[in-house]
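What the coordinates show
Each chain, letter by letter, is given below.
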Amino acid sequence: MKEKVVYWLTGSQTLYGADVLEHVAQHSQEMADYVNAKMPVTVKYLTTCKSSDEVVEAVKRVNSDDSCVGIITWCHTFSPAKMWIKGLRMLQKPMCHFATQYNEKLPYDTIDMDFMNENQAAHGDREFGYIVTRLRMDNKVVVGYYKDEEALKELSAWCKAAAGIAFSKTVKVCRFSDNMRDVAVTEGDKVEAHINLGWQVDYYPIGDLVEYIQKVTEKDVDAMMAEYGKKYTMATKNVEAVREQAKYEIAIDRFCKDKGGYIGIVDHFGALHGLRQLPGLAIQDLQSKGYGFGAEGDWKIAALGAVMQYMAGQKGTGLMEDYTYDLKDGLCLGAHMLEVSPLFAATKPEIQVHPLGIGGKEDPARLVFEGIASPEAVAVSMIDMGDRLRLIVQKIELVKYPHKMPNLPVGGLMWKYKPNFKEGVAAWIYAGGAHHTVVSSELSVRDMVDLGNMWGMEVVVIDEKTEINEFKKQLLWSDQIWKSRI
Ligand code: MN
């Protein structure tokens, strides 16, 4: 992510003379360099804008630079905001307004009008903020001294989301099946997702993949088996079943690369003509390499998974499914029939082979492990409300398995819902949250809200502050607002 750049644009004007502008540039450089060291992306001071033409030139550069994912703006001095209108109307990337200062404390003993004129962020921030609000730009405002850890955390979340947005625009999902018959929540408007999120979602008949599978050589499979041997414990004698999955992994990866760089994959246990097993181990290992996966045709989750995995730096993130409750202890056991990412593993994953009750295929090889614990994680769902997409973000706590589950032949996670079991589950259901989610132990509610805001999407948050009656009202209002915005 450090390859991605966020440009720092400082606002000022020529009224205060060349000396002041020299200081403004020096301070901006120093501040941008400090912030850069704390961010997941590269932060670079670009320029100090003093006129409309300069803002336009800077924005042209920002828009055309493929490595640039957004801008941070800051007003060192007062900066008359009419000069920002033309440029901001052209801006095609996310913007964060950093309400900060070069000095943390006021120099009470020495302060004079020269100091006041050179350091008037409070003044400049308001002029700039007015025009941004007037333009109805849904930007982020981060407040605090530029070395303040809390402010930098906010800024860091925003940078991560900005990089996520740039990545999102490149996401292509390869569907080897349509959505599962009769299932509602995995459906959605693919054209809408393409327009608003940049996701290209394409269908290929599974037979096209079978041709790739047939071309995989025994030597290719040997190499993949060696890779599995390094990462996982072989806990089956049915090596043939494992080799079959290795073949699928190689073929899917080649297919996705050959066809133009698909980073999301969708299959369906009911559409596997020409395959002997449902891809399990293959899909699990591919998720650990950056692919997003959606089961039963769920392309929204495949794309969301790819974006979130990118933002999480390929750690602790992947497809999950709310499966079964422990009502006594207020827990949920999440898993899937096979395809749980090894990025969730707390124990070294074992390769095991077991029968699969549905799909009518041979026993598939899969990775089995206990999931990680994490005091803070998010479960994220994206649903189609008919007129828009809604992002639902729930704060959860991943907990250690309270008991061994020796007969559970899949990887899984266990969690507690926020604010508590009853309200957490009720809120999720009222919001229309799906059974398929992307869970991440690395991303925060803040990261996901920033991402959703940058997508211009309705974002519903369920966390420790959620109160169910207020939450229901919020859903009603939100529905009305979002209807009128679309
Ligand atoms: Mn499922």
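Structure: above.
Quantities reported herein were computed from a predicted structural model and do not represent experimental measurements.

1. Topic: the coordination of the manganese ion
Coordination of the manganese ion by the protein is provided by Glu296 (OE), Glu321 (OE), His336 (NE2) and His436 (NE2), with metal-donor distances spanning 2.1 to 2.2 Å. In primary-sequence terms, the residues that donate to the manganese ion follow E-x24-E-x14-H-x99-H. Within this pair, whereas Glu321 is found in strand 11 (residues 317–326), its partner His336 is found in the loop between strand 12 (331–335) and strand 13 (350–353), the two being separated by 15 residues in sequence.

2. Thoughts on the packing of helix 1 (residues 18–38) against helix 6 (residues 149–168)
Two numbers describe how helix 1 lies on helix 6: the axes approach to 10 Å, and their chain directions differ by 70°. Overall, the two elements helix 1 and helix 6 adopt an arrangement that is roughly perpendicular. Between helix 1 and helix 6, the residues in contact are Tyr34, Val35 and Lys38 and Glu149, Leu152 and Leu155, respectively. Across the contact of helix 1 with helix 6, the residue classes break down as four nonpolar, no polar and two charged.

3. Considerations on the side chain of His436
Within the secondary structure, His436 is located in strand 18 (residues 436–440). Separated by 3.0 Å, the side chains of His436 and Glu296 make a polar contact. Looking at His436, its side chain comes within polar contact range of the side chain of Asp298, at 2.8 Å.

4. Quick look at the side chain of Ser79
Along the chain, the position of Ser79 falls in the loop between strand 3 (68–75) and helix 3 (82–90). Here Ser79 falls in the buried class, since its relative accessible area comes to 0%. Excluding residues that lie within four positions of it along the chain, Ser79 makes contacts with Gly11, Ser12, Cys49, Trp84, Gly124 and Glu127.

5. Quick notes on the sheet that holds strand 5 (residues 140–143)
Here five strands make up an open sheet; going across it, the order is 2-1-3-4-5 and the pairing parallel. The strands lining the two open edges of the sheet, one partner per strand, are strand 2 (42–49) and strand 5. Neighbour-to-neighbour, the strand axes of the sheet open up by a mean angle of 25°, direction not taken into account. Sheet topology note: the strand 1 (residues 5–11)/strand 2 ladder contains seven bridges and is parallel. When the sheet's bridge partners are listed, Leu9 is paired in strand 2 with Thr47. In this fold helix 2 (residues 52–64) packs onto strand 1, strand 2 and strand 3, with an angle of close to 155° to the strand it touches most, strand 2.

Rules used throughout
Residues numbered from 1 in each chain as written. Predicted model: local features only at pLDDT ≥ 70, side-chain atom pairs only at ≥ 80, totals over all residues. Heavy atoms only, no water. Donors = N, O, S within 2.8 Å, 3.2 Å for Na, K, Ca; no water. Helix = DSSP H or I, 4+ residues; strand = E, 2+ residues; numbered from the N terminus. Axes fitted to C-alpha atoms, helices over the stretch in contact; angles between N-to-C directions. Parallel < 35°, antiparallel > 145°, perpendicular 65-115°, else oblique. Contact = heavy atoms within 4.5 Å. Nonpolar A, V, L, I, M, F, W, Y, C, P; charged D, E, K, R; others polar. Polar contact = N/O pair within 3.5 Å; in protein donor to acceptor, adjacent residues only side chain to side chain. Buried < 20%, exposed > 50% of the residue type's maximum accessible area, 1.4 Å probe, protein only. Pairing = 2+ DSSP bridges.

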